[in-house]
Structures are given as C-alpha cells and as structure tokens.
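Structural characterization, general
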Amino acid sequence: MDSRRAGRSERQLPRGRHGLSREDIAASQRSRLVAAILDVVAVKGYPATTVNDIVVRAEVSRRTFYEHFDGKEACFLAAFEAAVLGVGVSLRSALDPVARDDWQGRVRLSWRAFLAALAEHPAAAWSLYIETLCAGPALVERTTAVNRGFADIFRALHRRARAADPRVREVAPEVFDLYVGGTAERIRDCLHTAGAAALPRLEDVFTDTLMVFFEPRPAP
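On to the overall build of the protein chain. The helix and strand tally for the protein chain stands at nine helices and zero strands. Going from the N terminus to the C terminus, the protein chain shows its helices and strands as α-α-α-α-α-α-α-α-α. Projecting the C-alpha coordinates of the protein chain onto the three principal axes gives extents of approximately 75 × 35 × 30 Å. By residue count, 45% of the 220 residues in the protein chain fall in the buried class. Contacts in the protein chain between residues at least 24 apart in sequence constitute 70% of all its contacts with a sequence separation of at least 6. Of the roughly 11900 Å² of accessible surface on the protein chain, a fraction of 54% belongs to carbon and sulfur atoms. For the protein chain, the centre of its 31 positive side-chain charges and the centre of its 28 negative side-chain charges are spaced 3 Å apart.

What follows is the structure, given as structure tokens:
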C-alpha cells in the first residue's frame with residue numbers, strides 16, 4: 001500500500017454485546033464504508049475497485065453495503081460529500097477569528113486549512129483529486145460544482161475588497177474559475193510527485209497568486 005495515498009479506516013464496532021442502538025450501528029457501518037472506499041480507491045484506482053474490496057476493508061457484509069448504497073458510485077459520491085463537508089468545517093473554524101476585511105489573511109488561512117486537511121487525509125486527497133476524474137459523470141459534475149463553489153468564495157472576497165477600496169483592480173469573474181482550476185492541477189501534480197504530506201508547501205504560491213487580483217490598479 002502506498003503510504004502517500006491511504007490511511008486506515010476507522011475501527012470496527014466491538015464484537016458481542018455493546019448496547020448500541022440500531023441507528024448507531026447503521027451510522028457506524030455507513031461511516032466505515034465511506035472511509036473504506038477512499039482507502040481502497042486510493043490504492044487500486046476507482047475503475048479497479050469492487051464492492052467486495054470495499055466490504056472487506058470496512059469489515060461488513062455485502063448485504064450491509066447494499067442496505068446503504070445502490071452501488072460503488074453511490075458510495076464514492078457519499079464519500080466525496082463527507083470529505084467536502086469535513087474540509088468546509090476546517091475552513092470555517094480557521095476563518096472565524098479573522099476580520100472580514102483582512103483579505104490576505106482570509107486567503108492565506110483558507111489555503112492553510114484546506115491544504116492541511118488534505119495532507120491529514122491522504123487517501124481522501126488522492127481519491128478526490130485523482131480518481132474522481134474517472135469515476136463517472138455524477139462525480140465529475142459534483143467536482144465541477146465544488147470547484148465553482150471555491151471560486152465563488154474568492155469572487156465574494158474580491159467584491160468586498162473592491163467595495164472597501166475602489167483602487168483594487170477589477171477582474172473578470174471567470175478569472176477565479178481559472179485560478180481554482182490551476183490550483184487543482186498543482187495539487188494533482190504534488191500528489192503524483194511528492195505525496196499528500198507535501199501539499200502545505202503550496203500555501204505561499206496559491207496565496208501570492210490570488211493576491212495579485214487584490215492589488216491596487218497602477219496609477220495612470
């Protein structure tokens with residue numbers, strides 16, 4: 001197993017009597033399946049991953065798998081959504097103490113939190129940035145929507161910056177889509193060449209590149 005890609009799924013429930021409700025057991029099973037598919041996909045690739053691989057990794061039965069998901073794609077989509085939700089929590093936690101008009105601070109801390117979250121979950125990083133490209137139209141569409149959401153965050157920051165300081169240069173809204181697409185390519189390159197642990201090194205270049213759009217216009 002490539003240590004750059006995969007971590008271990010959360011532990012199986014204790015065997016025997018444990019006093020957990022049926023809902024707790026179902027939630028644990030689903031959580032293990034979601035973690036398992038990221039681990040397996042990071043090692044084998046999405047096309048080669050089978051439902052059997054997932055249930056073996058999660059230590060549940062095939063019947064349990066199909067109680068939660070219609071198939072592999074549905075499970076991977078659920079894993080994608082869980083990972084995006086987790087990153088969102090990290091971003092909000094990082095940005096809450098930062099003043100809304102501190103554009104550079106908010107940009108830098110956004111990338112710091114985001115890249116750190118990916119580095120801490122290498123299987124998720126690999127699965128979401130590499131394997132979603134071959135995981136079917138639903139995953140591709142969801143990835144596009146998430147990237148658009150990131151671009152919207154930077155667009156909103158830029159609008160607030162210009163409202164506070166009219167000297168901030170005006171740029172086409174599509175610039176931020178190009179920016180997010182470029183950062184995604186750099187993340188993929190880093191995963192291929194250096195592994196998830198190296199992702200935090202991208203903080204400076206991502207921040208410095210974006211802040212070009214927040215600079216005052218040159219004097220006439």
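What follows continues from the structure just given.
Bringing the pattern of salt bridges into the picture now. Taken as a whole and judged by the stated rule, the model has 14 salt bridges. Between Arg-169 and Glu-215 there is a salt bridge whose closest N-O contact spans 3.9 Å. Taken as a pair, Arg-169 in the loop between α7 (137-164) and α8 (174-193) and Glu-215 in the segment after α9 (203-211) lie far apart in primary sequence, 46 residues in all. Residue classification places Arg-169 among the partly exposed positions, given a relative accessible area of 27%. Through salt bridges with shared partners, a single network forms among Arg-108, Arg-112, Glu-203, Asp-204 and Asp-208.

Residues with a pLDDT of 70 or more make up 90% of the protein chain, whose mean pLDDT is 88. A low-confidence stretch, residues 6-14 stays under pLDDT 50, and its non-local contacts, those more than four residues away or across chains, total 26 contacts.

Moving on to the nonpolar core. One finds Leu-33, Phe-114, Ile-187, Leu-191 and Leu-199 to be the most contacted residues of the largest nonpolar core, which totals 64 residues. Only α1 (22-44), α2 (51-58), α4 (72-95), α5 (103-120), α6 (122-129), α7, α8 and α9 provide two or more residues apiece to this core. Discounting residues that sit within four places of it in the chain, Leu-33 has contacts with Ile-54, Val-55, Ala-58, Val-60, Thr-64, Phe-65, His-68, Phe-69 and Cys-75.

Let's shift gears to the packing of aromatic side chains. Taken as a whole and judged by the stated rule, the model has ten aromatic pairs. With centroids separated by 6.2 Å and ring planes inclined at 70°, the aromatic side chains of Trp-111 and Tyr-179 adopt a geometry described as edge-to-face. Here Tyr-179 lies in helix α8 and Trp-111 lies in helix α5, a separation of 68 residues in the sequence. With respect to class, Trp-111 is no different from Tyr-179; both count as buried.

So, on to α7. Look at α7: 41 Å from first C-alpha to last across 28 residues, which is about the 40 Å you get at 1.5 Å a residue. Considering only its buried residues, α7 is in contact with α4, α5, α8 and α9.

With that out of the way, let us pick up the packing of α4 against α5. Close contact between α4 and α5 brings their axes to 9 Å; oriented N to C, the two are set at 145°. You can see that α4 and α5 cross each other, and the crossing is right-handed. Residues Val-87, Ser-90, Leu-91, Ala-94 and Leu-95 of α4 form the contact with α5, whose participating residues are Arg-106, Leu-109, Ser-110, Ala-113, Phe-114 and Ala-117. Looking at the contact of α4 with α5 residue by residue, the class counts come to eight nonpolar, two polar and one charged.

Phi at Glu-59 is positive, roughly 60°, even though this residue is not glycine. Relative to the elements of secondary structure, Glu-59 occurs in the loop between α2 and α3 (62-68). Note on Glu-59: relative accessible area 37%, which makes it partly exposed.

Analysis parameters
- Residues numbered from 1 in each chain as written.
- Predicted model: local features only at pLDDT ≥ 70, side-chain atom pairs only at ≥ 80, totals over all residues.
- Heavy atoms only, no water.
- Helix = DSSP H or I, 4+ residues; strand = E, 2+ residues; numbered from the N terminus.
- Buried < 20%, exposed > 50% of the residue type's maximum accessible area, 1.4 Å probe, protein only.
- Contact = heavy atoms within 4.5 Å.
- Areas by Shrake-Rupley, 256 points an atom, 1.4 Å probe, with all protein chains shown as cover.
- Lys, Arg positive; Asp, Glu negative; His and termini not counted.
- Charge placed at Lys NZ, Arg CZ, Asp CG, Glu CD.
- Salt bridge = Lys/Arg side-chain N within 4 Å of Asp/Glu carboxyl O.
- pLDDT = per-residue confidence, 0-100.
- Core = buried A, V, L, I, M, F, W, Y, C linked by side-chain atoms within 4.5 Å.
- Phe/Tyr/Trp six-rings, centres within 6.5 Å; stacked < 30°, edge-to-face > 60°.
- Expected span 1.5 Å × (residues − 1).
- Axes fitted to C-alpha atoms, helices over the stretch in contact; angles between N-to-C directions.
- Left-handed = near helix turned anticlockwise from the far one by under 90°.
- Nonpolar A, V, L, I, M, F, W, Y, C, P; charged D, E, K, R; others polar.

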